[in-house]
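Coordinate analysis (summary)
The lines below spell out each chain.
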Amino acid sequence: MATKFLTLACIRNDSGYGDLSPRPHYPSMPKYPKGVAAQQTNVENSRAKAVFSVMGMTCSACAGSVEKAVKRLPGIHEAVVDVLNNRAQVLFYPTYVTEETIRETIEDVGFEATLIQDETSEKATQVCRIRINGMTCTSCSSTIEQALQAIHGVLKAQVALATEEAEIHYDPKVVSHNQLMEVIEDTGFEAILISTGEDMNKIHLQVDGVRTHNSMRMIGNSLQALPGVQGIDMDPELHKISLSYKSDMTGPRNFINVIESTGSGRFKAKIFPEGGGGRETHKREEIKQYYRSFMWSLVFTIPVFLTSMIFMYIPGIKHGLDTKIVNMLTIGEMLRWVLATPVQFIIGRRFYTGSYKALRHGSANMDVLIALGTNAAYFYSVYTVLRAATSPDFEGTDFFETSSMLISFILLGKFLEVLAKGKTSEAIAKLMDLAPETATLLTLDDEGNVINEEEIDSRLIQKNDVIKIIPGAKVASDGYVLWGQSHVNESMITGEARPVAKRKGDLVIGGTLNENGVLHIKATRVGSESSLSQIVRLVESAQMAKAPVQKFADRISKYFVPTVIILSFSTWLAWFLAGKFNGYPESWIPSSMDSFQLALQFGISVMVIACPCALGLATPTAVMVGTGVGASQGVLIKGGQALESAHKLENPVVVNTKLLKNMVLRDFYELVAATEANSEHPLAKAIVEYSKKFREDEENPIWPEAQDFVSITGHGVKAIVRNKEIIVGNKSLMLDIKISIPLDAEEMLTETEAMAQTGILVSIDGELTGVLAISDPLKPGAYEAISILKSMDVKSIMVTGDNWGTARSIANEVGIETVIAEAKPDEKAEKVKELQASGYTVAMVGDGINDSPALVAADVGMAIGAGTDIAIEAADIVLMKSNLEDVITAIDLSRKTFSRIRLNYIWALGYNLLGIPIAAGALFPSIRFRLPPWIAGAAMAASSVSVVCCSLLLKYYKRPKKLNNLEIRGIMIE
């Protein structure tokens, strides 16, 4: 078995003091062509810069693939990809690589790249989500996917059978979402628009009191004039108005006020009732539809079954059914024909429709097999009835019970399947239900006193609203505490069981439960920007994404149905010819049949027992349940979308300061804090936080302005504050800029390293002025997590930007043998690549900006939830509890999910490989066992249901028992 490596950069918050720039981009991984050293000044001076517009990027995975492709080129110094603005900035050496080569490389990755000279690039890609009704197997989803991919302007299309949705990345300048829907409908399926991705914030309002189209136009014009409104769609028949808007400029209450003031009070507006959400409503309707169809089919099928299978053995009834009407046509045959016809053509119409749509586009799905099998049985039976009615001596057997029972059992199977599939997405429904229905809106005067309370629909909350949260109520919106103290249960979002203390200034997450105190919070992120909405979108996106193993099922589905049809025909032909030429004894033929009918039954059984659905559902259902379970455990498995963490970073703390010059400590920290305030690095935040102690008289101190701020990757920062040059960084930075380090400063650095602390040097106007010792405590559970990983055959390596002394001390503390210290961001990523080149599967766990390149480079990137947004953006898995135990949970859940997928495939393939030969009569010569077509149909329906139920067992996943009794160790520093 291949060894797996887990690279840990988060046992401590990385103190390599790397890229401290607050800009939201992926840090660079400098790369020089072979034979070119970084110190070669002539090459350095010849470096060029190019900016590309990259169309088609939608997430960190896209950005990562572009970055990796560009950085593989010789002569690339730095490549920064801004996924938000669809832009790539590349620093390169023209001697070794050209702009055109870089552009072609980006296009080879699958994105459209254009060289631009300016610094702005508008968003050129949108993501559209469409619900698709009528898909039955992977053949259907593949047909739609191919049709969408063929459209000019579509960059990427994913169609998920399990969720019955399509996610399409397209260029709105080339193609519209309406055209995409038309293509899906031309393929033969119903398309319903879920979202266009044009704007994150969208709301639907119902307007009562509107009598004319002119009134709707007047309301529309009034709304369009509001600042921040980006688009309006109106449906006069439903009295519905849909608005896209910028949440920092306006909101739904403003829209309602404008509507209600427009018509002199005769118009009333409210949130448009969605009936519980589009997806859930559709699921419920689909379940009801299959249930109704199945019940109606039973009304006709039960009498057919009784007349053909039961009543034939009751003498009195048998005599009545065998009474002749015309020639050899009996009452029983006529009755079965009349009852089976509505089942075949009215209740079973969906199978004809599905077959026609599939065949029209040159593909074949499960509907084709069902339609062929039931038609063969039905029309052969019609032939026997007509022959009996026109012949005085013809005696034949009809198979009307075969066709009607087949359809009934298949409808029962589909009903149970959609019922089970609905349960696979329960995690999303539960997440959406976390949001409270109402909220208490506070109105404050200029001095911050409450002057009014009003209960409103929680969907009407706008940014900067002040909301009151009473004990036992759910937090209505993301925000921060303005007033009050309480404990909040965040387990439903983060999985953290212990309530979290909240006081003034602390962040809160919408959907969490306030326990014991009253809080006043200020809303900062509302609607689709909230953490809850982003988690829902992230889980939905993860469920849309196809696992690589799904390609196996997609390949099989292309050839499955045609192969089954050929096998079915071959089975019929082989048995028919064997009977015609006396290839088997006549005693093998049942008394109620002839050799043709026996061969036909075998052929039909082969056709209806084969099940492509089970193969198509094997992977997506397990992935849906697995991602849902992960979300409930605080492990967010991403499908490419970034999650913005709302958690508070547990910063390192300054524990000691030594001044080397005569200076007031308050003045010293004022200069240092002013410089570090521009940085996002955890150590910078620790310094700023510590500096506030010297300004206790101010709640939010304002630091002096820092000019010419520069972040020096892997070293520190510098800026001009109050006309003084301030440099804050590590020892190597001071040596690089020729600042001498006195002996007493060297001694303090040695002491801090021995105590597993980080030493930071401060230079003012070229002279070393102070040394800061920063304690960066171990993540809780680090030692235990490493020991459990060892027992799981996962080797841990520590990669850090910290100095060697501190790194070794920490590694010894947690039991890690391999340590790589003083690593810059690019070196971390290079180490990951080295391990991958050696044939290892590498997981990278990190929480800092400096970890982002390695997170992108790793096979699996795991970001600690309390880390920086950039690290979370770059990762594949987010650990919401910021707890290293969840690394083990993530690995264990992945293993359990994929073992379930393998089990599903074994069952789905094994069922078909075993079932088809039995249906073809493989056991008939030896033990006279024959599988009637209606039983074969029931087995086919059961196979799909069993695969979904097998995936549903993942809902009962429990994290490894070793974690239940884990005693978390930590390092407490006084």
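Above this text is the structure in question.
Helix and strand counts for the protein chain stand at 32 helices and 36 strands. Taking all 974 residues of the protein chain together, the buried fraction comes to 55%. Restricting to contacts in the protein chain with at least 6 residues of sequence separation, those with at least 24 account for 72%. With the model as given, the accessible surface of the protein chain reaches about 42000 Å², and the carbon-plus-sulfur share is 55%.

The next thing to look at is helix α10 (residues 331-347). Helix length check: α10, at 17 residues, gives a terminal C-alpha distance of 24 Å against a target of 24 Å (1.5 Å per residue), a fit within 8%. Largest kink in α10: about 25°, centred on A340, with the proline P342 one to four residues after it. Where α10 is concerned, the buried positions are G332, E333, R336, L339, A340, P342, V343, Q344 and I347.

Below, the discussion takes up the pairing of strand β11 (residues 229-235). For a regular strand, side-chain orientation follows a simple rule: the groups alternate between the two sheet faces. Note that β11 and strand β12 (residues 240-245) share six bridges and pair antiparallel. Counterpart to G231 in the pairing with β12 is S244. Taking the residues between adjacent antiparallel strands as the criterion, β11 and β12 are bridged by four residues, where H239 takes a positive phi near 55°.

Glancing now at a nonpolar patch on the surface. The grouping of I325, V326, I331, M334 and V338 at the surface amounts to a nonpolar patch, some 380 Å² of accessible area in total. Mapped by element, the contributors of at least two residues to the nonpolar patch are β14 (324-326) and α10. Of the residues forming the nonpolar patch, the biggest block, three residues, is contributed by α10. Relative to the elements of secondary structure, V326 occurs in strand β14. According to the relative accessible area criterion, V326 is partly exposed, its value standing at 40%.

To continue, consider the packing of α10 against helix α11 (residues 349-360). Two numbers describe how α10 lies on α11: the axes approach to 5 Å, and their chain directions differ by 40°. On the basis of the axis angle, α10 is oblique to α11. Here α10 contributes Q344, F345, I346 and I347 to the contact with α11, which in turn contributes R349, R350 and Y352. The residue makeup of the contact of α10 with α11, split by class, is four nonpolar, one polar and two charged.

In this section: the nonpolar core. By size, the foremost hydrophobic cluster in this structure holds 63 residues, and its most contacted members are L411, W575, L598 and I609. The greatest single-element share of this core, amounting to nine residues, is contributed by helix α18 (residues 595-609). Beyond its immediate sequence surroundings of up to four residues, L411 is in contact with Y290, S293, F294, S297, I347, R350 and F351. Formed by 35 residues, the second largest nonpolar core is a distinct cluster that contains V210, L223, I259 and L441.

Moving on, we get to unusual backbone geometry. A positive phi angle is found at D708, which is not glycine, with a value near 55°. Residue position: D708 is located in strand β27 (residues 706-712). Of the residues examined, D708 reaches a relative accessible area of 60% and is grouped as exposed. With a phi angle near 50°, D765 is a residue other than glycine that sits in the positive phi range. Examined against the element boundaries, D765 turns out to sit in the loop between β30 (757-764) and β31 (767-775). A relative accessible area of 45% means that D765 is categorised as partly exposed.

Two strands in a sheet stick together by hydrogen bonds in their backbones, pointing the same way (parallel) or opposite ways (antiparallel). Taken in spatial order, the six strands of this open sheet run β17-β16-β18-β24-β19-β22, and their pairing is antiparallel. This sheet does not close on itself; its edge strands, each paired only once, are β17 (450-457) and β22 (507-508). Two elements, strand β19 (residues 478-483) and β22, share two bridges in a ladder whose sense is antiparallel. Bridge pairing in β22 places Y480 opposite L507.

Here we take up the sheet that holds strand β8 (residues 165-170). Taken in spatial order, the four strands line up as β7-β8-β6-β9 in an open sheet, and their pairing is antiparallel. Only two strands of the sheet have a single neighbouring strand rather than two, namely β7 (154-160) and β9 (190-195). Taken pair by pair, the neighbouring strands of this sheet meet at an average axis angle of 25°, ignoring direction. Judged from the five bridges that link them, strand β6 (residues 126-133) and β9 form a sheet pairing that is antiparallel. Among the inter-strand pairings, I132 is bridged to a residue of β9, identified as A191.

Looking at helix α25 (residues 804-814), one finds that the buried residues are T806, A807, I810, A811 and V814. Taken down its axis, α25 places every buried residue within 130° of arc, on the same side. Contacts made by the buried residues of α25 are with α23 (743-754), β30, α24 (782-791), β32 (794-799) and β33 (818-820). Just downstream of α25, G815 is the residue with a positive phi angle, here 90°.

Here we come to the packing of aromatic side chains. According to the stated counting rule, one finds 21 aromatic pairs in the structure shown. Ring geometry for F345 versus Y352: centroids 5.8 Å apart, planes at 15°, classification stacked. Taking the relative accessible area as the measure of exposure, F345 reaches 33% and is therefore partly exposed. Arranged with centres 5.8 Å apart and planes meeting at 80°, the rings of W575 and F924 form a pair that is edge-to-face. Highlighted residues: W575 in helix α17 (residues 550-580) and F924 in helix α30 (residues 924-927), separated in sequence by 349 residues. On the accessibility criterion, F924 (4% relative accessible area) is buried. Grouping aromatic residues by their ring pairs yields a cluster made of Y380, Y383, F569, W572, F576 and F596.

Okay, the pattern of salt bridges next. Throughout the structure, instances matching the rule amount to 17 salt bridges. E285 is the partner of R292 in a salt bridge, and the nearest nitrogen-oxygen pair spans 3.4 Å. For R292, a relative accessible area of 41% corresponds to the partly exposed category. Taking relative accessible area as the criterion, E285 reaches 39% and is therefore assigned partly exposed.

Take the environment of S570 next. Inspection of the secondary structure puts S570 in helix α17. Sequence-wise, S570 and A920 are 350 residues apart; in three dimensions their C-alpha atoms are separated by 9.4 Å.

Mapped onto the elements, S242 comes out in strand β12. Classification of S242 by relative accessible area gives buried; the value is 9%. Polar contacts involving the side chain of S242 include one to the side chain of H204, which spans 2.7 Å.

Once that is clear, we can look at the environment of L733. As for its placement among the helices and strands, L733 is situated in helix α22 (residues 731-736). By relative accessible area, which is 3% here, L733 ends up buried. Beyond its immediate sequence surroundings of up to four residues, L733 is in contact with I712, H715, G716, I727 and V728.

Conventions used here
- Residues numbered from 1 in each chain as written.
- Predicted model: local features only at pLDDT ≥ 70, side-chain atom pairs only at ≥ 80, totals over all residues.
- Heavy atoms only, no water.
- Helix = DSSP H or I, 4+ residues; strand = E, 2+ residues; numbered from the N terminus.
- Buried < 20%, exposed > 50% of the residue type's maximum accessible area, 1.4 Å probe, protein only.
- Contact = heavy atoms within 4.5 Å.
- Areas by Shrake-Rupley, 256 points an atom, 1.4 Å probe, with all protein chains shown as cover.
- Expected span 1.5 Å × (residues − 1).
- Bend = angle between axes of the 7 residues up to and from the residue.
- Pairing = 2+ DSSP bridges.
- Patch = residues over 30% accessible without salt bridge, like charges linked within 9 Å, V, L, I, M, F, W, Y side chains within 5 Å.
- Salt bridge = Lys/Arg side-chain N within 4 Å of Asp/Glu carboxyl O.
- Axes fitted to C-alpha atoms, helices over the stretch in contact; angles between N-to-C directions.
- Parallel < 35°, antiparallel > 145°, perpendicular 65-115°, else oblique.
- Nonpolar A, V, L, I, M, F, W, Y, C, P; charged D, E, K, R; others polar.
- Core = buried A, V, L, I, M, F, W, Y, C linked by side-chain atoms within 4.5 Å.
- Arc of directions from axis to C-beta.
- Phe/Tyr/Trp six-rings, centres within 6.5 Å; stacked < 30°, edge-to-face > 60°.
- Polar contact = N/O pair within 3.5 Å; in protein donor to acceptor, adjacent residues only side chain to side chain.

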